[in-house]
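Remarks on the overall topology
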Amino acid sequence: MERPQIAYTPQDIGSAIRARRKKLGYTIQEIAEFNQCSLRFVSELERGKPGAGLGMMLKIANSVGLDIATIERGSGGWE
């Protein structure tokens, strides 16, 4: 298991999602269809386009000394 990656910005989380998706061999389209959202949404998420909720959540977490980490679960994504 890899060491958790600390996420301080929406870009950090987006990069982690992109890396995991590619590691699993999924396309953006497959992720969008599985999650019933638009391809554009997944693309913007992976690029770290800050949304009001996510950006503010990270800002508040960082301000109180919390780190947000991404940790791989199991061998696949849709378990």
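Sequence order sets the numbering: in each chain, residues are counted from 1 along the sequence as written. Selection of residues for local features in this predicted model requires a pLDDT of at least 70, selection of side-chain atom pairs for listing and counting requires 80 or more, and totals for whole chains, interfaces and linings are taken over all residues. Side-chain calculation: all heavy atoms of the structure are included, whereas hydrogens and water are not.

A short note on the pattern of salt bridges
Convention followed: Here, a salt bridge means any side-chain nitrogen of Lys or Arg that lies within 4 Å of a carboxyl oxygen of Asp or Glu. The way it works is that DSSP assigns letters per residue, a run of H or I at least four long becomes a helix, a run of E at least two long becomes a strand, and they are numbered from the N terminus. Residue exposure (1.4 Å probe, protein chains only): buried if accessible area is under 20% of the type maximum, exposed if over 50%, otherwise partly exposed.
The tally for this structure, following the rule as stated, stands at four salt bridges. Arg21 is the partner of Glu46 in a salt bridge, and the nearest nitrogen-oxygen pair spans 2.6 Å. In this pair, Glu46 is assigned in helix α3 (residues 39–46) and Arg21 in helix α1 (residues 10–24), connecting sequence segments 25 residues apart. We note that Glu46, like Arg21, is buried. Between Arg40 and Glu44 there is a salt bridge, with the nearest N and O atoms lying 2.9 Å from each other. Taken together, the positions of Arg40 and Glu44, both in helix α3 and four residues apart, correspond to about one turn of that helix. Note on Arg40: relative accessible area 58%, which makes it exposed. Members of the salt-bridge network, linked through shared partners, are Arg18, Arg21 and Glu46.

What to know about α1
Quick note on the threshold: By definition here, a helix of n residues has an expected span of 1.5 Å times n minus one. Here the arc refers to the directions that run from the helix axis out to each C-beta atom.
Across its 15 residues, α1 extends 21 Å between first and last C-alpha, which sits within 8% of the 21 Å expected from 1.5 Å per residue. Those residues of α1 not exposed but buried are Pro10, Ile13, Gly14, Ala16, Arg20 and Arg21. What you see down the axis of α1 is that its buried residues fit within an arc of 160 degrees, all on one side. In this structure, α1 carries Lys22 and Lys23 as exposed residues pointing more than 90 degrees from its buried face. Of the residues flanking the end of α1, it is Gly25, one or two places downstream, whose phi is positive at about 80 degrees.

Describing the side chain of Glu46
To keep it simple, the criterion reads: In this description, contact between two residues means that some pair of their heavy atoms is separated by no more than 4.5 Å.
In this structure Glu46 comes out as buried when scored by relative accessible area, which is 3%. Beyond its immediate stretch of four places on either side in the chain, Glu46 contacts Gly14, Ser15, Ile17, Arg18, Arg21 and Ile28.

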